[in-house]
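Chain by chain, the residues:
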Amino acid sequence: MNLELIKDFREKLADGWVLGPFMKTCDPGFVESAGYAGMDFAILDMEHGPISVEHLQNNIRAAQVSGLLPVVRVNSYEEISRALDVGAAAVQVPQVSSADEAAAAVREARFYPQGERGVCRFVRAAHYSAMDRTDYFSAANQALVIVQLEGQEAIRNLDEIMEVEGIDIMFIGPYDLSQSLEVPGQTTHPLVVQQMKKIVDKAREKNILVGTFTDSLETLKMWNDAGVRYLSYSVDVGIFYEACTKIRKRMESMNC
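Sequence order as written defines the numbering, with residues in each chain counted from 1. Whole-chain, interface and lining totals are the exception, using all residues; otherwise, since this is a predicted model, local features are given only for residues with pLDDT of at least 70 and side-chain atom pairs are given and counted only at 80 or more. Heavy atoms throughout the structure, all of them, feed into the side-chain values; hydrogens and water do not.

Quick word on the environment of Gly-118
Reasoning step 1: Relative to the elements of secondary structure, Gly-118 occurs in the loop between helix 5 (99-109) and helix 6 (133-140).
Reasoning step 2: Each residue is assigned to one of three classes by its accessible area relative to the maximum for its type, calculated with a 1.4 Å probe on protein chains only: buried under 20%, partly exposed between the two thresholds, exposed over 50%. On the basis of relative accessible area, Gly-118 is assigned to the partly exposed category, the value being 42%.
Reasoning step 3: Remark: the alpha-carbon pair of Gly-118 and Glu-108, spanning 10 residues in sequence, is separated by 7.7 Å.
Reasoning step 4: Here a residue-residue contact requires only that any non-hydrogen atoms of the pair lie within 4.5 Å. In contact with Gly-118, other than residues within four places in its own chain, are Ser-81 and Phe-111. Comment: elements are numbered from the N terminus, with helices defined as DSSP H or I runs of at least four residues and strands as E runs of at least two.

See the structure below:
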């Protein structure tokens, strides 16, 4: 189980911020190395990556080995339980636009009395039935639920979404939000920043934690300064590409 990882993660969030990348690859080596590098979490991406549940469990193992909180961004509500069954410590649910959808995410992620998650103890998260069943069902309800707000409809329904019990973090998807605001890809456009700050400010009033994605150090600092604590910085393949590019340019500048 992930109880110690979850406990440490919540303490870090209470004291400040946490940092982690999205992971598109199916290679657990990328996940494990991110943990050794000091990242706090990795978002294993089933929405925009090729990863399957079979790959997912090995990536989760890699995260646990290196002290990294394994967060899974699912592609559907049906995948929430499957991700948790193989050991996810948190699920991140995209395209949440209403209180009903937010409540459905919580309901699918938690066992009774907090939800209606399908019950099975013969899964990896329960050590394939080696865990005491009572301990497992109680511990499993500690997993974090992160909902992604990505469009104008979500902003219109923001007050109602914030009233849903069981949400641990509200994550703002800047790219989809930019498209919703008719400036696709312009994640630092004034319209996008204005709407994102509106969410951050309202969440602060309700003591709700907020997260977002950034792909530059400048925007990372900007949102950290604004009070965003769950900070996702770039993507494994993008980070690798940038590192390779810098090495190549450095070699060329040395006339090698």
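Re the sheet that holds strand 4 (residues 90-93)
Reasoning step 1: Any two strands between which DSSP finds at least two bridges are classified as paired. Pairing within the closed barrel is parallel, and its eight strands lie in the order 1-2-3-4-5-6-7-8. This sheet shows a mean twist of 25 degrees between the axes of neighbouring strands, independent of strand direction.
Reasoning step 2: When strand 1 (residues 18-23) meets strand 8 (residues 230-235), the two strands line up parallel, connected through four bridges. Among the inter-strand pairings, Leu-19 is bridged to a residue of strand 8, identified as Leu-231.
Reasoning step 3: Packed onto the sheet, helix 3 (residues 53-65) meets strand 2 (41-45) and strand 3 (69-73) and runs at close to 150 degrees relative to strand 3.
Reasoning step 4: Of the strands in this sheet, strand 4 and strand 5 (144-149) touch helix 5, which is tilted by about 155 degrees from strand 5. Here, axes are lines fitted to C-alpha atoms. For helices the fit covers the stretch in contact, and angles between N-to-C directions go from 0 to 180 degrees.

Brief notes about the side chain of Ser-234
Reasoning step 1: Checked against the element boundaries, Ser-234 lands in strand 8.
Reasoning step 2: Contact partners of Ser-234, with chain neighbours within four places excluded, come to Pro-21, Phe-22, Phe-213, Thr-214, Asp-215 and Ile-239.

Topic: unusual backbone geometry
Reasoning step 1: Between Tyr-112 and the following residue, Pro-113, the backbone shows a cis peptide bond with an omega angle of 10 degrees.
Reasoning step 2: Position of Pro-113 among the secondary structure elements: in the loop between helix 5 and helix 6.
Reasoning step 3: Backbone geometry at Gln-95 places phi at a positive 55 degrees, although glycine is not the residue there.
Reasoning step 4: Looking at the secondary structure, you find Gln-95 in the loop between strand 4 and helix 5.
Reasoning step 5: You can call Gln-95 partly exposed: its relative accessible area is 40%.
Reasoning step 6: Here the phi dihedral of His-127 falls at roughly 55 degrees; this positive angle occurs in a residue that is not glycine.
Reasoning step 7: Its location among the elements puts His-127 in the loop between helix 5 and helix 6.
Reasoning step 8: Overall, the relative accessible area of 40% leaves His-127 in the partly exposed class.

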